[in-house]
Structure formats: structure tokens, C-alpha cells
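Chain by chain, the residues run as shown.
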Protein chains: 2
Amino acid sequence: MSEMVKVAVDAMGGDNAPAEIIKGALEAANENSSVKICLVGAEAIIKEELKKYNYKQEQVEVINATEKIETAEPPVMAIRKKKDSSIVKALQLVKSGECDAYVSAGSTGATLVGGQVIVGRLKGIERPPLAPLIPTEKGTALLIDCGANVDARPSHLVQFAKIGSVYMESVMKVKNPRVAIVNIGAEEDKGNALVKETFPLLKNCPDINFVGSIEARDIPAGYADVVVCEAFVGNVILKLYEGVGGTLIKKVKAGMMTSLRSKIGAFLVKPALKETLKTFDLEQYGGAPLLGLKGLVVKTHGSSKAVEIKNSVLQCVTFKEQKINDKIKEKITLEDE
Amino acid sequence: MSEMVKVAVDAMGGDNAPAEIIKGALEAANENSSVKICLVGAEAIIKEELKKYNYKQEQVEVINATEKIETAEPPVMAIRKKKDSSIVKALQLVKSGECDAYVSAGSTGATLVGGQVIVGRLKGIERPPLAPLIPTEKGTALLIDCGANVDARPSHLVQFAKIGSVYMESVMKVKNPRVAIVNIGAEEDKGNALVKETFPLLKNCPDINFVGSIEARDIPAGYADVVVCEAFVGNVILKLYEGVGGTLIKKVKAGMMTSLRSKIGAFLVKPALKETLKTFDLEQYGGAPLLGLKGLVVKTHGSSKAVEIKNSVLQCVTFKEQKINDKIKEKITLEDE
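Computed from a predicted model, the values in this text were never measured in an experiment.

What counts, and at which threshold
Residues numbered from 1 in each chain as written. Chains lettered and ligands numbered in written order. Predicted model: local features only at pLDDT ≥ 70, side-chain atom pairs only at ≥ 80, totals over all residues. Heavy atoms only, no water. Salt bridge = Lys/Arg side-chain N within 4 Å of Asp/Glu carboxyl O. Helix = DSSP H or I, 4+ residues; strand = E, 2+ residues; numbered from the N terminus. Buried < 20%, exposed > 50% of the residue type's maximum accessible area, 1.4 Å probe, protein only. Contact = heavy atoms within 4.5 Å. Buried area = accessible area lost by both parts, 1.4 Å probe. Polar contact = N/O pair within 3.5 Å; in protein donor to acceptor, adjacent residues only side chain to side chain. Axes fitted to C-alpha atoms, helices over the stretch in contact; angles between N-to-C directions. Parallel < 35°, antiparallel > 145°, perpendicular 65-115°, else oblique. Left-handed = near helix turned anticlockwise from the far one by under 90°. Nonpolar A, V, L, I, M, F, W, Y, C, P; charged D, E, K, R; others polar. Expected span 1.5 Å × (residues − 1). Phe/Tyr/Trp six-rings, centres within 6.5 Å; stacked < 30°, edge-to-face > 60°. Lys NZ or Arg CZ within 6 Å of the ring centre and 35° of its normal. Least-squares fit on C-alpha atoms with pLDDT ≥ 70 in both. Pairing = 2+ DSSP bridges. Patch = residues over 30% accessible without salt bridge, like charges linked within 9 Å, V, L, I, M, F, W, Y side chains within 5 Å. Areas by Shrake-Rupley, 256 points an atom, 1.4 Å probe, with all protein chains shown as cover. Lys, Arg positive; Asp, Glu negative; His and termini not counted. Charge placed at Lys NZ, Arg CZ, Asp CG, Glu CD.

Trainee: Just checking my understanding: could you explain the pattern of salt bridges for this structure?
Mentor: For side chains of opposite charge, pairing can occur when their charged atoms come near one another. Residue and element names in this part refer to chain A. With the rule as written, the count across this model stands at 36 salt bridges over all chains. The partner of K47 in a salt bridge is E43, and the shortest N-O contact between them spans 3.2 Å. Placement of the pair is K47 and E43 together in helix α2 (residues 43–50), with a separation of 4 residues, close to one helical turn. With a relative accessible area of 29%, E43 lands in the partly exposed category.

See the structure below:
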């Protein structure tokens, strides 16, 4: 049997907590026997919920936490004050080495701040990026950074490019991943001050496959595997992906209901369409890892259902097995020397 | 009869020039008898093309231009060197007052630079924004700025908010248009340095209906009528709109072709779907105006067909009739005093 991968799961975070969170975590444990789940939260509630499921006792542990950080709370203050919250206690399990990874559908801000403050950055990492996978025509791309730290410097973006390359190569098995920087034109002299300064640095990076600028239009088409950008822009891209997708699907559905003819067509088309559109649903891809920390911290959608939690936990297994952090450290220090 | 509105149309710009450009311009003239078209470009070619159509002679004039600015040319240099290009000559017609407006599907860069250098800014305007209409669930929103001038200052964004309000109110007839600033969270303390500095300025603007921050996810849902942002972010939004839309529609089409059942469904659904998706096609909305100049400059898609040219020319009529520039001047100077 391979080494156990221990994942601290915030049982109280997210719109569907604790039911869907616990369900998804147990599904991951049942699917992979090297997973050990530490469910962090209100012990009594969790234990009550656990009664509904079949699972191996030795794969599941409950860690009591009496407080909960709400989404609207200012994250820095919440992390500092609520020492007995599920988020803080789960992160501390990673910090102490008791767990390898952390998964939460709760407050993004608290996870981002707590990840840095409690778990801590790997040596040499200037700023840990939040990097979700987004669907493209050809599969997926890593959008790096969508985090809370806006107004990045060029050196940050260069690190994002390297970290993202490691992730896509080792976790997603993309060989020699194509790295591009988000820009407003394809030419090298285009862009804002940040992009113009970063472009030559990326071009001179020996250990990444830099393919140049990418216009936002070409991201869904899959022109790059690692899409590098500053967090404000990354956040706009991620949320617009969801927004345009959602609105368009609504329009398609409404369009199909305009006549009897189209209603019959819609009935016939529905199963096939549902399957196809699933590949364009961001929630199918598990959570977004906050990379460059001394352990893996994964933030899933606030609206996560069991499937996203399960996928996120299983992602943690690949992350550990592939020794991603060793590879990131190697790639970052390589350059610094 | 109302006063004539004279529109200089760059007959040589765009992927479908001159055929679709001339066709669209004539359609506008035939639809509205107060339109006069000045077709600027290679006289012989234009005159040959004109033979195909019925139109009133007095509504159409041809202005010869022997040069053409290509899309890939550095715009500043092109504007300076190619004095006899269709873009430069058409812009000069606006500058001299012979024409009220300019429409081109050619080089965006040359139109943006030429608009500022040749036509010139209105007094008090710091930076003329490019402001396309984008489709939303509820209709359209004005995305301001998507231009070439990145790294804006807070005072620019405040002007964009005012100019955009005038446009939506007077041209699009939206009463008391809701103005929002693109941000990465709804709270006032969220954002990058630019947004944080701009937010209180917008909040204290007496003559706009500022509703706060808008997350990218809520733009397609139609939460604001005037979506204010810096040009780099605006460009990403505009192009991602096109990109996600295009990819998703491809996925929907492919999904419908996966089985016999779904193929029959697709046949039935097609006409209704086509009609609905049209409302989400950016090219249906005419070109993007470059606002705050001493005349109206409109840039249409490079791939414009006749319908977009026609709509853009007709947009120029509303712009003049509604005295938009007088209203913009009034709103800008109001604050300065």
C-alpha cells in the first residue's frame, strides 16, 4: 500500500455544509484507500452526519472546532480572533504536518490569508497564487493568479509561470505546457506597464515553454495551458467565464422554449447537450489550489456539492504523490542561484 | 426635413471591404433620408461597386484616397506617413466639419490614434474612451473603456462614468443609468489601487447614478448599464465575452450532433435558437464609439458585415440629433467649476 495522504476538510464551510462536504470527503476515501480524511468542525453535528454513510473507521477522523468564520467577515481579523474555527484548526493541521492538505468551500479570504499566515510560504516564493483550472475547447488551462493579492510585480508573474508549469506538467500530465501572458494584443510591444515589463523576463526564462501573449478571446479556445496574469485580471476572467457561460445557457434554454417545434427539439437534444455542457462547468474541475505553500491548500466553490469536494480531495493525492512542492522549490531556486 | 447627418465611411477598412462596407452604408442612406454618406477610398473601385445598388445620388459622395493603412502597421507612424489613406482622409472630413461622424472597420490603432490627433478631444476631456455596447440578459450595457490607453488614473475613470451616463441616457434611452465599477468583490474596501482610489470619487459624484462595484460574473446578468473600467481590463472583458460565447456555442452545436436523437432535435430547435443567440452576438450592436472627441468616431469589428456598418451609421444620426457632445461638455465642465 502506498503512503497515506491526510486531508483536513473544513466540514463547516460552504453553502451546502456540512452534508455535501462530508458526503464528498467520504466518497473520496471510499474511492482511494490511501486517503485519510480529518473532518474539522462541530463534532456532534459531524458525527450525526457520519451515521448516514458506510466508510472505514481508520480513514476518517473528526476534529472538533467550535467556531465558524463567515464569508462576509474581514479575513485577517477572523483568522486572528477565531482560533477555534474550522478554517484555522484545519490549516493548523497542515502547518503541524499532521495533514498534507486542506480543502474548504468556506471563506475565500480566510483561506487565502490563513494559508499564508498559518501554513506559510515555501522558501523563495514571493506570493502564493490561487490557480483554478478553467475549461477550454481542448481540455483545461490553469489560470494563475486569481487570488486576493492584486497589483503584482513582474517577478511575481515569472514565479506564477514556473509554478503553473510544474502543476500542469505533474498533476495534469500536460507535456511541456505552453505558458502565455494575458495581453490586449499579440505583439510584444502591446500591454500595460506590468505586462511590458514581464514579457522579456518570461521570454528569457530557460525552463518554461513561453509562447507569448494571449488575448482573452483565445483563452477558451485553448491556445495556452498556463495562463499567467495579475490577480485582478485573473478574477475578472474567472468570474466572466462563469457569467457569460451562465447567461448564454439560460438564453439557449429560453430560445428552445419559444415554439412547439423547438420544445420538441429541446426534449430530444437535452441528454446530449447536458453531457457536453458538463465539460464547460467550472465546478466539475475540483477546487483551486493556492500554490507555493508548505502544504497544499485548496479552495472550492462556495456552492460546492459532493462531487467537487471529492475531486478536490483526490487532487490532493496526486499533488502529494507527484511531490509537486519539491518540484516547485527546485524550479524557483534554480533561477535564483 | 431634419438637418443632414454627414458620415465619412472608410470604404477600404475591414475584412469585407469594400463590398460589405458600401452595402451597409447605402442601406443606412436608403433607410434614413437625412443621412449623407462620404465613401472614402480608391475612387475607381468604389464607383464600380456603387453600380450594383439603387440609391439617391445626393445622399452619396465619393472621396478619393490612394493609400490604405494595414491592421498590423504601428498606428502612430501610419497616421503620420499615410496622409492619403482612407482613414486619415475620412478623419480629416470630421476635423474640418464637412462630416459629423466617421465609421471604420479598419485598423483599431489608427482609428484611436487618428481620432485623438486629427479630430481632437473636446475641451476638458483627459482621455477619450472606446465604449462598445455589450449584450446582457436585460438588454445592453456600455463597457467603458476598451481603448488603447491602458494604466488609467482615477480622474479618467470618473470622466468615463459621466460620459457613459450621457451616452446610455441619450442614445440608448436608459433612464438614470446605473453606473458600476468593475471590481473583484462587492465590498467598498476590495480592489486594486486604482479601483480603491476611484470608488470614493464616483460615490461623491452628484450627477451620476453610481451603484457601487460590479463583479465580472454580474456583467452579463445586466446589473449595470455603464460598466466602468480601465482599458486593459475592458479589453479582457470584451474579448472574453466573444471567446466564451464562441466556444460555448461550438460546444452546444457539437453536443447536438452526438446521436441520431439529438440530431433530429437540433433540426427542430435550430430556427428558434438562431434568433435567440442573435441577441448575444456583439456584431449586432453596431460599432464602438470613441467618445469625447470633437466629432463622432466609430470603430466597428474588423469582420463587419453590411448590417454592422448600417447600424453604426444610423447610430451616428442619433448621436448628432441628441447633441451628445454638448451634453458631454456640459457634464464634464459642470464638475470642474
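Okay, back to it.
Trainee: What's the story with the interface of chain B and chain A in this structure? I'm lost.
Mentor: How big an interface is tends to be stated in terms of the accessible area lost upon association of its parts. Contact with chain B, which involves 52 residues of that partner, is made by 52 residues of chain A. It is I184(B), F232(B) and L240(B) that lose the most area in chain B upon contact with chain A, and together they represent 14% of the buried surface on that side. Between chain B and chain A we count 6 salt bridges in total. Among the salt bridges present, the one from E215(B) reaches K239(A), with a minimum N-O distance of 2.2 Å. Counting every contact that joins chain B to chain A gives 16 residue pairs in polar contact (both at pLDDT 80 or more). Secondary-structure elements contributing two or more residues to the side of chain B that touches chain A are β7 (178–183), α7 (193–203), α8 (231–256) and α9 (260–278) of chain B. With 20 residues, the top contributor of residues to the side of chain B that touches chain A is α8(B).

Trainee: Any chance you could explain the packing of helix α6 (residues 154–170) of chain B against α7(B) here in plain terms?
Mentor: How two helices pack is summed up by the angle between their axes together with the distance between the axes. Residues and elements named next belong to chain B. Viewed as axis vectors pointing N to C, α6 and α7 meet at an angle of 50°, and their least axial separation amounts to 9 Å. On the basis of the axis angle, α6 is oblique to α7. The chirality of how α6 crosses α7 is right-handed. Residue-level inspection shows P154, L157, V158 and A161 of α6 in contact with α7, the latter providing L194, E197, T198, L201 and L202. Tallied by class, residues from the contact of α6 with α7 come to 7 nonpolar, 1 polar and 1 charged.

Trainee: Looking at this model, I keep getting lost on helix α5 (residues 108–119) of chain A. Mind explaining?
Mentor: Two residues of an α-helix separated by three or four positions point the same way, owing to the 3.6 residues in each turn. All names here are of chain A. Compared with the 16 Å implied by 1.5 Å per residue over 12 residues, the 15 Å span of α5 between its first and last C-alpha is a close match. Of the residues making up α5, those classed as buried are A110, T111, L112, G114, G115, I118 and V119. Along its buried surface, α5 packs onto α3 (75–81), α4 (86–95), β4 (101–104), β10 (288–290) and β11 (296–299). Structurally, the start of α5 carries an N-cap: the backbone nitrogen of G109 is 3.5 Å from a side-chain oxygen of S107. One or two steps after α5, the chain reaches G120, where phi turns positive at roughly 90°.

Trainee: Would you mind going over the packing of aromatic side chains with me for this structure?
Mentor: Both the distance between ring centres and the angle between the ring planes are used here to describe each pair of aromatic rings. Considering all chains together, one arrives at 4 aromatic pairs over all chains under this definition. For the pair F199(B) and F210(B), a centre-to-centre distance of 5.2 Å together with 75° between the ring planes defines the contact as edge-to-face. Of this pair, F199(B) sits in helix α7 while F210(B) is found in strand β8 (residues 209–215), placing the two residues 11 residues apart along the sequence. Both residues of the pair, F199(B) and F210(B), count as buried. Directly above the ring of F267(B) sits R261(A), whose terminal nitrogen or CZ lies 4.9 Å from the centroid.

Trainee: I'm lost on the relation of the copies chain B and chain A in this one. Help?
Mentor: Two copies of the chain are present, and they differ by a rotation about an axis and a shift along that axis. For the match of chain B to chain A, the screw axis carries a shift of 0.0 Å, the RMSD comes to 0.1 Å, and the turn is 180°. What the superposition gives is, in effect, a two-fold axis relating one chain to the other. When C-alpha distances to the rotation axis are compared across chain B, the minimum falls at G265(B), with a value of 1.9 Å. Comparing contact sets, 100% of the residues at the interface of chain B also lie at the interface in chain A, consistent with an isologous, same-surface contact.

Trainee: Explain the sheet that holds strand β7 (residues 178–183) of chain A to me, please; I cannot follow it from the model alone.
Mentor: Adjacent strands of a sheet form backbone hydrogen bonds with each other and so pair up, either parallel or antiparallel. All names here are of chain A. Sheet architecture is open: 5 strands sit in the order β5-β6-β9-β7-β8, paired in mixed fashion. Among the strands making up the open sheet, the edge pair consists of β5 (133–136) and β8 (209–215). Looking at each pair of strands side by side, their axes are set apart by 30° on average, direction ignored. In the packing of helix α7 (residues 193–203) onto the sheet, contacts are made with β7 and β8, and the angle to β7 comes to roughly 165°.

Trainee: Would you mind going over the sheet that holds β7(B) with me for this structure?
Mentor: Residue and element names in this part refer to chain B. With respect to topology, 5 strands assemble into an open sheet ordered β5-β6-β9-β7-β8, the strand pairing being mixed. With one partner strand each, in any of the chains shown, β5 (133–136) and β8 form the two edges of the open sheet. For this sheet, the mean angle separating the axes of adjacent strands, direction not counted, is 30°. The pairing of β7 with strand β9 (residues 226–228) spans 3 bridges and is classified as parallel. Paired with V179 across the strands is V226, a residue of β9. Running at roughly 165° to β7, α7 makes contact with β7 and β8 of the sheet.

Trainee: Mind showing me how you'd approach a positive patch on the surface here?
Mentor: Residue and element names in this part refer to chain A. Together, K253, K270, K274 and K278 line one region of the surface with positive charge. A total of 3 residues in the positive patch trace back to one element, the largest contributor, which is helix α9 (residues 260–278). If you trace the backbone, K270 turns up in helix α9. Residue classification places K270 among the exposed residues on the basis of a relative accessible area of 57%.

Purely spatial values, then, with no claim about function.
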